[in-house]
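# Observations on chain architecture
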Amino acid sequence: VLFPIHTFLANPLKEVVHLKRGILYRAFIYFLCFSFLLMMNGFARMGLEAKEIERPFGEMVSKGEVKFEARENMWKKVDSSHFPLFKGMRVKTESGQALLRFQDNGRVEVSPRSLFSIDQQGRLVLTEGSIRFSLPVASEVSFKVGNLSIQPSRTLQASKGISIPASGDSTIAGTLSIHSNGSVTISSQEGKLQVLGPDQVLLAAIPKNESITLPSVTVSGPQRVMVA
């Protein structure tokens, strides 16, 4: 801050006050600029984090009484007819029903009085009720009930440098039902299904137009026996 020397000599106290005010003003401007830069940097990081947020695993169209778990043990009604599904989400169909659609054009119909969730591996975990599914043979969507994993049985054939699914059914379709006694019935209407234990050990293979009912001890107990 420049000022004439004679003015300073005439009223030094006043000029010192002006000088201090100028310094404080500049410091305040610098502080605002620095705060603005920090804020913009925060927004940029938020933007990057938003880009890293996982996309919806699929969407759900429902009718009737269908709820999702907003927080632990806090259920809210699904209001939207097109509801996004994310990994870790839990949904229950009380008196309603739901249709799940995935990015690979797979579809799952959820019956009333069913409870399911999507785990971090992208598996549909059925806890209560029943579902009907139709998936592309190369779909990454699979199912889990208790200790069991249910997924398409893919037959591979050799090719140059890679393995590709052998020609055959292009769609896997069937039903999955949990009974009141804890047993599970799995049926295949198109394609082949396989049931794996917790150690990825094959417990059962279900061909087209066949079904199998697994007792509750097999669903939730130790897996030591292969089901025939």
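What comes next concerns the included structure. Note that the structure is predicted; figures quoted are calculated from it, not measured.

### Overview of the pairing of strand β8 (residues 114-118)
In terms of burial, β8 is a largely internal element, five of the five residues being buried. Burial of β8 is two-sided: the residues S114, F116 and I118 facing one way and the residues L115 and S117 facing the other way are all buried. Judged from the four bridges that link them, strand β5 (residues 90-93) and β8 form a sheet pairing that is antiparallel. If you follow K92 over to β8, its bridge partner there is L115. Here β8 pairs with strand β9 (residues 123-128) via four bridges, running antiparallel. Bridging across to β9, L115 finds its partner in E128. Linkage of β8 to β9, two consecutive antiparallel strands, is achieved through a turn of four residues, within which G122 is found at a positive phi near 80°.

### Considerations on the layout of surface pockets
Of the pockets and cavities examined, the second largest pocket occupies roughly 150 Å³. What lines the second largest pocket is P56, F57, F102, Q103, D104, Q121, G122, E140 and V141.

### Quick word on the environment of E210
With respect to the helices, strands and loops of the structure, E210 is situated in strand β19 (residues 210-214). In this structure E210 comes out as partly exposed when scored by relative accessible area, which is 44%. Taking C-alpha positions, E210 is 9.5 Å from G174, a pair spaced 36 residues apart along the chain. Every residue in contact with E210, bar those within four places of it in the chain, is listed here: I186, S187 and S188.

What counts as what
- Residues numbered from 1 in each chain as written.
- Predicted model: local features only at pLDDT ≥ 70, side-chain atom pairs only at ≥ 80, totals over all residues.
- Heavy atoms only, no water.
- Buried < 20%, exposed > 50% of the residue type's maximum accessible area, 1.4 Å probe, protein only.
- Helix = DSSP H or I, 4+ residues; strand = E, 2+ residues; numbered from the N terminus.
- Pairing = 2+ DSSP bridges.
- 1 Å grid on protein atoms, 1.4 Å probe; cavity = no way out; pocket = protein on both sides within 12 Å on 5 of 7 lines; lining within 4 Å.
- Points joined across faces, edges and corners; volume = space filled by probe spheres on them.
- Contact = heavy atoms within 4.5 Å.

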